[in-house]
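# Residue-level structure breakdown
Take a look at the letters that make up each chain.
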Amino acid sequence: MPDRHVTSLTIPRPDDWHLHLRDGAMLQAVLPETTRHFGRAIIMPNLVPPVVTAEQAKAYRERIMNAMPPGGQFEPLMTLYLTEATDPADVRHAHEAGIATAVKLYPAGATTNSASGVRDFEKVRPVLEVMAEIGMPLCVHGEVTDSAIDIFDREAVFIDKVLKPLRKKVPDLKIVMEHVTTQDAVDYVRDSVKNLAATITTHHLIINRNHVLAGGIKPHFYCLPVAKRDTHRVALVQAAVSGDKRFFLGTDSAPHIDPLKLQACGCAGIFTATNTMSCLAEVFDAAARISKLEDFASRNGPKFYGLPVSEQTITLTKGDPVSYPTQIETADGPVTVFDPGFDLHWRVTC
Ligand code: DOR
Ligand code: ZN
């Protein structure tokens, strides 16, 4: 059936290859929003203090399992926060013991809680070499932090100044460029032969920088990397709906309570866990490519990570608009759910 006549779609239970669950009351409140539709997620380690060692990742995993809603069948895939002091032997142990799936690289100062990240990439080379040897992927926040570089150019400059040299030095390292936001990144991934993939968020498929800045500043659309001009968003949509195995979903759903978003220096992060699958279905349907949602959300990620595709399924059905809560209540305060700005017609059933 041509895609534009499809009104029901059953796909393997999707995974989220980039997710912030936080800790404590926030974890408790947001975890069910992800476990409702997703089977696994790569869990970001940028807590305060960050999750650096195997032992810390194991303890964080236990806190997540303890917060699991009843009947939840969700597998958190843990990551280690790479610092210049990270011990290669600990990373090897974390991977071999099944504690951590990947390592996360934040350039120091790039985003929320990234102060312990990497300044001198030569210092982490021994860790990267071990990871290449054992096949452990590196998840990269790909933005330079140099204040002289315009914020809209930081991803493209990162590719030239950091990623290209790094991939030359450690060619066997598997790298995920996370939350790509530019045509430049899409082209770079498409031109690669092996060991490189990219995640794309739900919100970067929907908003451009006008959503953030035109007609008044919209803190709930502010995230990092910041949304770019619309031509870049269109390039991301084309990559996502193409079925190309190197592109898959990483929502970067990043909850902050409203008072921390709505202030003079508001936090970066958009919370999309609740309505992501309906938003994505709308985007893929509008591109007449709903049948490719399965590759993007359920198949390409496990393939890159060398994991099995889920044997469970979810079903998306098109009909009257579906409503989602506008906010999630947490014991710390409310978290606003991403507003795509259009009706959502695809209902998810599990
Ligand atoms: O918008 C973002 N929020 N980007 C990031 O890289 C971090 C995240 C967070 O932790 O809030
Ligand atoms: Zn993130």
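Small disclaimer: the values here were computed from a predicted structure and weren't measured. (Residues numbered from 1 in each chain as written. Chains lettered and ligands numbered in written order. Predicted model: local features only at pLDDT ≥ 70, side-chain atom pairs only at ≥ 80, totals over all residues. Heavy atoms only, no water.)

### Regarding the nonpolar core
Formed by 97 residues in total, the largest nonpolar core has its most connected members in Met177, Leu205, Met277, Leu293 and Leu316. With sequence-adjacent residues up to four places away left out, leucine 293 is seen in contact with Leu9, Met277, Leu280, Ala281, Phe284, Ser298 and Leu316. Counting residues in each nonpolar core, the second largest holds 14 residues, with Trp17, Met44, Val52 and Cys139 among its members. (Core = buried A, V, L, I, M, F, W, Y, C linked by side-chain atoms within 4.5 Å. Buried < 20%, exposed > 50% of the residue type's maximum accessible area, 1.4 Å probe, protein only. Contact = heavy atoms within 4.5 Å.)

### Points about the site of ligand 1
Neighbouring residues of ligand 1: 13 residues in total, closest Arg22, Asn46, Leu224, His256 and Ala268. Take alanine 268: an N or O atom from its main chain is 3.0 Å from a nitrogen atom of ligand 1. About the coverage of ligand 1: the protein hides 99% of its 290 Å² of free accessible area. (Near = heavy atom within 4 Å. Polar contact = N/O pair within 3.5 Å; in protein donor to acceptor, adjacent residues only side chain to side chain. Areas by Shrake-Rupley, 256 points an atom, 1.4 Å probe, with all protein chains shown as cover.)

### Some points on the coordination of the zinc ion (ligand 2)
Surrounding the zinc ion (ligand 2) are the protein donor atoms His18 (NE2), His20 (NE2) and Asp252 (OD), which sit 2.0 to 2.1 Å from the metal. Counting residues between consecutive donors of the zinc ion (ligand 2) along the chain gives the motif H-x1-H-x231-D. Exposure remark for histidine 20: the relative accessible area of 7% places this residue in the buried category. (Donors = N, O, S within 2.8 Å, 3.2 Å for Na, K, Ca; no water.)

### Comments concerning the packing of helix H5 (residues 154-169) against helix H6 (residues 183-191)
Taken N-terminus to C-terminus, the directions of H5 and H6 make an angle of 25°; their axes are 9 Å apart at the nearest point. In terms of orientation, H5 and H6 fall into the roughly parallel class. Crossing of H5 over H6 shows right-handed handedness. Residues Glu155, Ala156, Ile159, Leu163, Lys164 and Arg167 of H5 pack against Asp184, Ala185 and Tyr188 of H6. Considered class by class, the residues forming the contact of H5 with H6 number five nonpolar, no polar and four charged. (Axes fitted to C-alpha atoms, helices over the stretch in contact; angles between N-to-C directions. Helix = DSSP H or I, 4+ residues; strand = E, 2+ residues; numbered from the N terminus. Parallel < 35°, antiparallel > 145°, perpendicular 65-115°, else oblique. Left-handed = near helix turned anticlockwise from the far one by under 90°. Nonpolar A, V, L, I, M, F, W, Y, C, P; charged D, E, K, R; others polar.)

### Comments concerning the packing of H6 against helix H8 (residues 230-241)
The contact between H6 and H8 brings their axes to 8 Å, and the two run at 30°. Side by side, H6 and H8 meet where Gln183, Asp184, Val186 and Arg190 of the first sit next to His232, Ala235, Leu236, Gln238 and Ala239 of the second.

### Structural notes on the sheet that holds strand S13 (residues 346-349)
The antiparallel open sheet is built from three strands, whose spatial order is S1-S10-S13. Every interior strand has two partners, whereas the edge strands, strand S1 (8-12) and S13, have only one. Pairs of neighbouring strands in the sheet enclose a mean axial angle of 25°, with direction left out of account. With four bridges joining them, strand S10 (residues 313-318) and S13 adopt antiparallel strand pairing. Paired with lysine 318 across the two strands is tryptophan 346, which belongs to S13. (Pairing = 2+ DSSP bridges.)

### What to know about the side chain of threonine 34
Position of threonine 34 relative to the elements: it lies in helix H1 (residues 24-35). A relative accessible area of 1% means that threonine 34 is categorised as buried. Beyond its immediate stretch of four places on either side in the chain, threonine 34 contacts Leu19, Phe74 and Ala273.

### A word on the packing of aromatic side chains
A complete count under the given rule lists eight aromatic pairs for this structure. Judged by centre distance (5.3 Å) and plane angle (40°), the rings of tyrosine 81 and tyrosine 106 are tilted. Residue tyrosine 81 is located in strand S4 (residues 75-81), and its partner tyrosine 106 is located in the loop between strand S5 (102-105) and helix H4 (125-134); the two are separated by 25 residues in the primary sequence. The residues tyrosine 81 and tyrosine 106 share a single accessibility class, namely buried. Plain terms: the ring middles of phenylalanine 304 and tyrosine 305 are 6.1 Å apart, the flat faces sit at 80° to each other, and that makes the pair edge-to-face. The exposure classification of phenylalanine 304 matches that of tyrosine 305, with both residues buried. Through pairs of rings, three or more aromatic residues link up here, namely Trp17, Phe248, Phe304 and Tyr305. A cation over a ring is seen here: lysine 174 above phenylalanine 304, with NZ or CZ 4.9 Å from the ring centre. A cation over a ring is seen here: arginine 209 above phenylalanine 152, with NZ or CZ 4.6 Å from the ring centre. (Phe/Tyr/Trp six-rings, centres within 6.5 Å; stacked < 30°, edge-to-face > 60°. Lys NZ or Arg CZ within 6 Å of the ring centre and 35° of its normal.)

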